[in-house]
Amino acid sequence: MLNVVVLTGRLTADPELKTTTNGTSVCSFSIAVDRRYKAGEERQADFINIVTWRSSAEFVSKYFKKGQMIAIEGSIQTRRY
């Protein structure tokens, strides 16, 4: 089975860096990914929540801010509340 995704979009807010009780860095943020559209149609976007861990979390929180374009490669994991 294969679970690989590549997304390119803009950050909707500044990334939020937190640390677990074990000292592991976790960064949460969301990106807006534009959908395809034809001329004359209204633009639409999907808003996708992203979580990064450890050194990737620290990198994102240090170098990215709201509105910047970012490319993400990873896997999709769904949650139920």
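One can find the structure itself at the top, above this paragraph.
As the structure is a computational prediction, the values presented were derived from the model and not from experiment.

K.L.:
Explain the pattern of salt bridges residue by residue, including any values.
P.N.:
Across all of its chains, the model carries three salt bridges by this definition. The closest approach of N and O atoms between aspartate 34 and arginine 43, which form a salt bridge, is 3.0 Å. Its relative accessible area of 53% is what places arginine 43 among the exposed residues.

K.L.:
Before we move on, could you go through the side chain of threonine 52 and cite the residues and values that matter?
P.N.:
Within the element layout of this structure, threonine 52 appears in strand S4 (residues 45-53). Apart from the residues lying within four places of it in its own chain, the contact partners of threonine 52 are Ser25, Val26, Cys27, Phe29 and Ala57.

K.L.:
Tell me about the pairing of strand S3 (residues 25-34), and please be specific about residues and values.
P.N.:
In summary, the side chains of a regular strand alternate between the two faces of the sheet. For S3, a buried count of eight out of 10 residues is recorded, marking the element as mostly surrounded by other parts of the structure. Bridging between strand S2 (residues 16-19) and S3 involves four bridges; their strand directions are antiparallel. Paired with threonine 19 across the two strands is serine 25, which belongs to S3. Where S2 folds back onto S3 in an antiparallel hairpin, the turn is made up of five residues, including glycine 23, whose phi is positive at roughly 95°. Pairing of S3 with S4, which is carried by nine bridges, proceeds in the antiparallel orientation. Looking across to S4, one finds that aspartate 34 is bridged to alanine 45.

What counts and what doesn't
Residues numbered from 1 in each chain as written. Predicted model: local features only at pLDDT ≥ 70, side-chain atom pairs only at ≥ 80, totals over all residues. Heavy atoms only, no water. Salt bridge = Lys/Arg side-chain N within 4 Å of Asp/Glu carboxyl O. Buried < 20%, exposed > 50% of the residue type's maximum accessible area, 1.4 Å probe, protein only. Helix = DSSP H or I, 4+ residues; strand = E, 2+ residues; numbered from the N terminus. Contact = heavy atoms within 4.5 Å. Pairing = 2+ DSSP bridges.

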